[in-house]
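Breakdown of the fold
Below, each chain spelled out in residue letters.
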Amino acid sequence: MKALTQTELETFLHALQPAWDVRAPIRLSDGTRALGRLEEGPLALLGGRIPRKPTDVFFAQQEKVFDALPDGSFRQEEPPQKPLFVLGFTAEDLECLEFIDRFFSSGFADDIYLRKRSGAVIGGLTGKCGSAGELLRIAGGTCDLELVFDGERFIVAAYSEAGEKLEAAMTCAESGASLEDLRRASEALPQDNRRLLEQASALLIAERVPDAFWAEIGERCIACTGCNLVCPTCTCFGVQDWRYPTHIERSRMWDSCQLDAFMREASGHNPLGSEALRTRRRIHHKLAADLRRWGHLTCYLCGRCDTTCPTGIGIVAVAREMVARHAGETARLQG
Ligand code: SF4
Ligand code: SF4
């Protein structure tokens, strides 16, 4: 296997630029790490998951749907000129991407998403590159190419033809590196939060969580929308029309199920008319409703909502509280 130093990787990414639209973790001028183009800031490969969801490369916070022209015709964005190479997904982010790929392709295919996503090559960034150098779980196949940091170099693992082509173009001083030890350590990482979500899911499916629990949790929500905006598996959006002298632009923008207006109907009736109901819905959707619809939970424990929520009611925090308060029920459901 090839193994690149940080300098070799940086050289490689810059060399790709004439043919590729390269996005990678960079440091913005305000100090935050983000997925960006190389000219927008110095590379910041180490430091763990990036705060903003990386899936926004394909599903942007605000984007044009079409322009409506005076002659009655419609104009859409052209597909990207260069293929995208997006590096910087954690193993959990890759699972989220795999899910929204399914979401945006099932039934009604979302052409805005698919226009950007088709042909894009995805790079995982894992290994000892956590915020304090801790080991991040190795993805092992849910991307085209994975760069696993061993503390000194990025070991390259290609999983698709596109990934193999990129790997072949990499030049480095060392090859013959092995992922064996890192894989073993990755497999031994604790799975406690996964079990916690499954227990919370079982309680929700069995309808053992009373309204009083949601009233108490919902009281803590200040409707900042952070939990939804950072979540890579949140896919809700609203539509707006902007009137210009020459055309009308229809655009879409992320929505948040924690907002009062999320489901409010034109009549004024609101099926989610309280913080309790909205908070219940956010958690129930990922741990129960989506399990019925897709056959799996749609929280992949990326960690963002728990880090972001200013009042401590991210999904893991709520699941922990739910399971702790219903320990007897949890044991019965498991037994
Ligand atoms: S941890 Fe939170 S932000 Fe991440 S996938 Fe789960 S619900 Fe979404
Ligand atoms: S991040 Fe927390 S406080 Fe903000 S909307 Fe979500 S649950 Fe409410």
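What comes next is a walk through the structure.

What counts and how
Residues numbered from 1 in each chain as written. Chains lettered and ligands numbered in written order. Predicted model: local features only at pLDDT ≥ 70, side-chain atom pairs only at ≥ 80, totals over all residues. Heavy atoms only, no water. Helix = DSSP H or I, 4+ residues; strand = E, 2+ residues; numbered from the N terminus. Rg over C-alpha atoms; globule rule 2.2 N^0.38 Å. Buried < 20%, exposed > 50% of the residue type's maximum accessible area, 1.4 Å probe, protein only. Contact = heavy atoms within 4.5 Å. Areas by Shrake-Rupley, 256 points an atom, 1.4 Å probe, with all protein chains shown as cover. Lys, Arg positive; Asp, Glu negative; His and termini not counted. Charge placed at Lys NZ, Arg CZ, Asp CG, Glu CD. Axes fitted to C-alpha atoms, helices over the stretch in contact; angles between N-to-C directions. Parallel < 35°, antiparallel > 145°, perpendicular 65-115°, else oblique. Left-handed = near helix turned anticlockwise from the far one by under 90°. Nonpolar A, V, L, I, M, F, W, Y, C, P; charged D, E, K, R; others polar. Pairing = 2+ DSSP bridges. Phe/Tyr/Trp six-rings, centres within 6.5 Å; stacked < 30°, edge-to-face > 60°. Lys NZ or Arg CZ within 6 Å of the ring centre and 35° of its normal.

**Some thoughts on the overall build of the protein chain**
In terms of helices and strands, the protein chain carries twelve helices and twelve strands. Over its C-alpha atoms the protein chain spans a radius of gyration of 22 Å, differing by no more than 12% from the 20 Å that the globule rule assigns to 335 residues. If you line up the protein chain on its principal axes, its C-alpha atoms span 65 × 60 × 40 Å. Buried positions account for 47% of the 335 residues belonging to the protein chain. Within the protein chain, contacts between residues separated by at least 24 positions form 65% of all contacts whose residues are at least 6 apart in sequence. By element, 53% of the accessible surface of the protein chain is carried by carbon and sulfur atoms, the whole surface being about 16,100 Å². In the protein chain, which carries 40 positive and 47 negative side-chain charges, the distance between the mean positions of the two groups comes to 3 Å.

**With respect to the packing of helix α6 (residues 192-205) against helix α11 (residues 315-325)**
The description of two packed helices rests on the angle between their axes and on the distance between the axes. For the pair α6 and α11, interaxial distance at closest approach is 9 Å and the crossing angle is 60 degrees. Comparing their axes, α11 and α6 come out oblique. Where α6 crosses over α11, the handedness of that crossing is left-handed. Of α11, the residues touching α6 (which contributes N193, L196, L197, Q199, A200, L203 and L204) are I315, V316, A319, R320, M322 and V323. Among the residues making up the contact of α6 with α11, the classes are represented as ten nonpolar, two polar and one charged.

**With respect to the pairing of strand β6 (residues 84-89)**
With six of its six residues buried, β6 lies for the most part within the structure. For strand β2 (residues 21-27) and β6, the ladder comprises three bridges, and the chain directions are parallel. The residue of β6 that forms the bridge with R23 is V86. As judged from the four bridges shared by β6 and strand β7 (residues 121-127), these two strands associate in the parallel manner. The partner of L87 across the bridge, within β7, is G123.

**Some remarks on the packing of aromatic side chains**
The description of two aromatic rings rests on the distance between their centres and on the angle between their planes. For the structure on display, the rule yields 13 aromatic pairs. Pairing F59 with W254 gives two aromatic rings, centres 6.2 Å apart and planes at 45 degrees, and the pair type is tilted. Here F59, found in the loop between β3 (33-36) and β4 (62-68), pairs with W254, found in strand β12 (residues 248-254); they are 195 residues apart in sequence, far enough to count as distant. Here F59 and W254 have matching classes, each one buried. Of the aromatic side chains, those joined through ring pairs into one cluster are F58, F59, F99, F103, F104, Y113, F237, W254 and W294. Directly above the ring of W254 sits K53, whose terminal nitrogen or CZ lies 4.1 Å from the centroid. In this arrangement the basic side chain of R117 is found over the ring face of F58, its NZ or CZ atom lying 5.3 Å from the centre.

**Re the sheet that holds strand β5 (residues 74-75)**
Across the sheet, which stays open at both edges, the four strands sit in the order β5-β4-β12-β11 with antiparallel pairing between neighbours. The sheet is open, and its two edges are formed by β5 and β11 (237-243), each paired on a single side. For β11 and β12, the ladder comprises seven bridges, and the chain directions are antiparallel. Within β12, the position partnered with D241 by the bridge is R250.

Function-wise, these values are silent; they only describe arrangement.
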